[in-house]
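Residue-level structural notes
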Amino acid sequence: MSAAAPDPRPLAGEPLALDLLNTRWTQEGAVRDLLRDTDGLGVWLAANGLGERFAADAATLRHTLQARDAIRAAVDRPADTVGVDTVLGHGRIRPTLTGEGPGERAEFRDDAWGPGWLAARNYLELLSAAPDRIRGCAHETCVLHFFDTSRNGTRRWCSMAACGNRAKASRHYARAKDA
């Protein structure tokens, strides 16, 4: 898989933090991992508009995986803040003044921390905006996450076409079997 390869994930385009979590998914009962190598990292970086800024190398992969593990731990156990805080320690936001006015720029001790740091920072933004809208798919075999942007905040599935449909079909089958 090269950086120009298509993104094979069933759910992409979520906010950066959740999109990083969604680099692991289940397919036909097997766990898939886009970040198993630097080629997959290149696909993820490109999908998130980071491919021009950051290298898809071994150090970036290692740090991005560390960020993914930290964000997953924080999503699964909100009191587990150490990992995300550790990742955030590798960068900072520097206020800037540009021709367009005030701005900000992320700076990193080592650019290899950039993608993971940006994802951890995005997780903080999601927590500030609506922590109750960060969700895992309700399907028992799905490991994907999403940010619920539905008007009433009741989205349950990563995709209605995939997991939602499977759940409906399972319920229908169970009712038909009982009848």
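For the structure itself, look to the data block above.
Quick look at the structure, then.

What counts, and where the lines are drawn
- Residues numbered from 1 in each chain as written.
- Predicted model: local features only at pLDDT ≥ 70, side-chain atom pairs only at ≥ 80, totals over all residues.
- Heavy atoms only, no water.
- Helix = DSSP H or I, 4+ residues; strand = E, 2+ residues; numbered from the N terminus.
- Buried < 20%, exposed > 50% of the residue type's maximum accessible area, 1.4 Å probe, protein only.
- Contact = heavy atoms within 4.5 Å.
- Areas by Shrake-Rupley, 256 points an atom, 1.4 Å probe, with all protein chains shown as cover.
- Salt bridge = Lys/Arg side-chain N within 4 Å of Asp/Glu carboxyl O.
- Polar contact = N/O pair within 3.5 Å; in protein donor to acceptor, adjacent residues only side chain to side chain.
- Axes fitted to C-alpha atoms, helices over the stretch in contact; angles between N-to-C directions.
- Parallel < 35°, antiparallel > 145°, perpendicular 65-115°, else oblique.
- Nonpolar A, V, L, I, M, F, W, Y, C, P; charged D, E, K, R; others polar.
- Phe/Tyr/Trp six-rings, centres within 6.5 Å; stacked < 30°, edge-to-face > 60°.
- Left-handed = near helix turned anticlockwise from the far one by under 90°.

The subject of this paragraph is the overall build of the protein chain. The number of helices and strands found in the protein chain is six helices and six strands. Each helix and strand of the protein chain, ordered N terminal to C terminal, gives the series α-β-β-α-α-α-β-β-α-β-β-α. Counting all 179 residues of the protein chain, 40% fall into the buried class. Excluding contacts between residues fewer than 6 apart, the proportion of contacts in the protein chain whose partners are at least 24 apart in sequence is 49%. Element-wise, carbon and sulfur atoms account for 51% of the exposed surface of the protein chain, whose accessible area totals about 10000 Å².

Further remarks concern the pattern of salt bridges. Applying the stated rule across the entire model yields ten salt bridges. With a closest N to O distance of 2.7 Å, arginine 92 and glutamate 107 form a salt bridge. Remark: glutamate 107 occurs in strand E4 (residues 101-108) and arginine 92 occurs in strand E3 (residues 91-98); sequence separation between them is 15 residues. According to the relative accessible area criterion, arginine 92 is partly exposed, its value standing at 44%. Overlapping salt bridges bring together Arg92, Arg94, Arg105 and Glu107 as one network.

Among all positions of helix H2 (residues 38-47), only Gly40, Leu41, Gly42, Val43, Trp44 and Leu45 are buried. On its buried face, H2 is in contact with helix H1 (16-21), helix H3 (58-76) and helix H5 (114-129). Between a side-chain oxygen at the N-terminus of H2 and the backbone nitrogen of aspartate 39 the separation is 3.2 Å; the capping residue is aspartate 37. Immediately downstream of H2, the backbone of glycine 49 shows phi near 70°, a positive value.

A separate point is the packing of H2 against H3. Put simply, H2 and H3 touch, their axes get as near as 10 Å, and they point 70° apart. In terms of axis orientation, H2 runs roughly perpendicular to H3. Each of Thr38, Leu41 and Trp44 in H2 lies in contact with H3, whose residues at this interface are Ala58, Thr60, Leu61 and Thr64. Here the residues of the contact of H2 with H3 sort into four nonpolar, three polar and no charged.

Bringing the packing of aromatic side chains into the picture now. Describing an aromatic ring pair means giving the distance of the ring centres and the angle of the ring planes. Using the criterion set out here, one finds two aromatic pairs in the structure. Between phenylalanine 54 and phenylalanine 108, the aromatic rings sit 5.8 Å apart at their centres with planes inclined by 65°, giving edge-to-face as the arrangement. Of this pair, phenylalanine 54 sits in the loop between H2 and H3 while phenylalanine 108 sits in strand E4; the two residues are 54 residues apart in sequence, bridging distant segments of the chain. When its relative accessible area of 5% is taken as the criterion, phenylalanine 54 is described as buried.

One can describe the packing of H3 onto H5 by two numbers: an axis separation of 8 Å at closest approach and a directional angle of 20°. Taken together, the axes of H3 and H5 are roughly parallel relative to one another. When you trace H3 past H5, the crossing you get is right-handed. Contact residues: Thr60, Thr64, Ala67, Ile71, Ala74 and Val75 in H3; Pro115, Gly116, Ala119, Ala120 and Tyr123 in H5. Within the contact of H3 with H5, the residues separate by chemical class into eight nonpolar, three polar and no charged.

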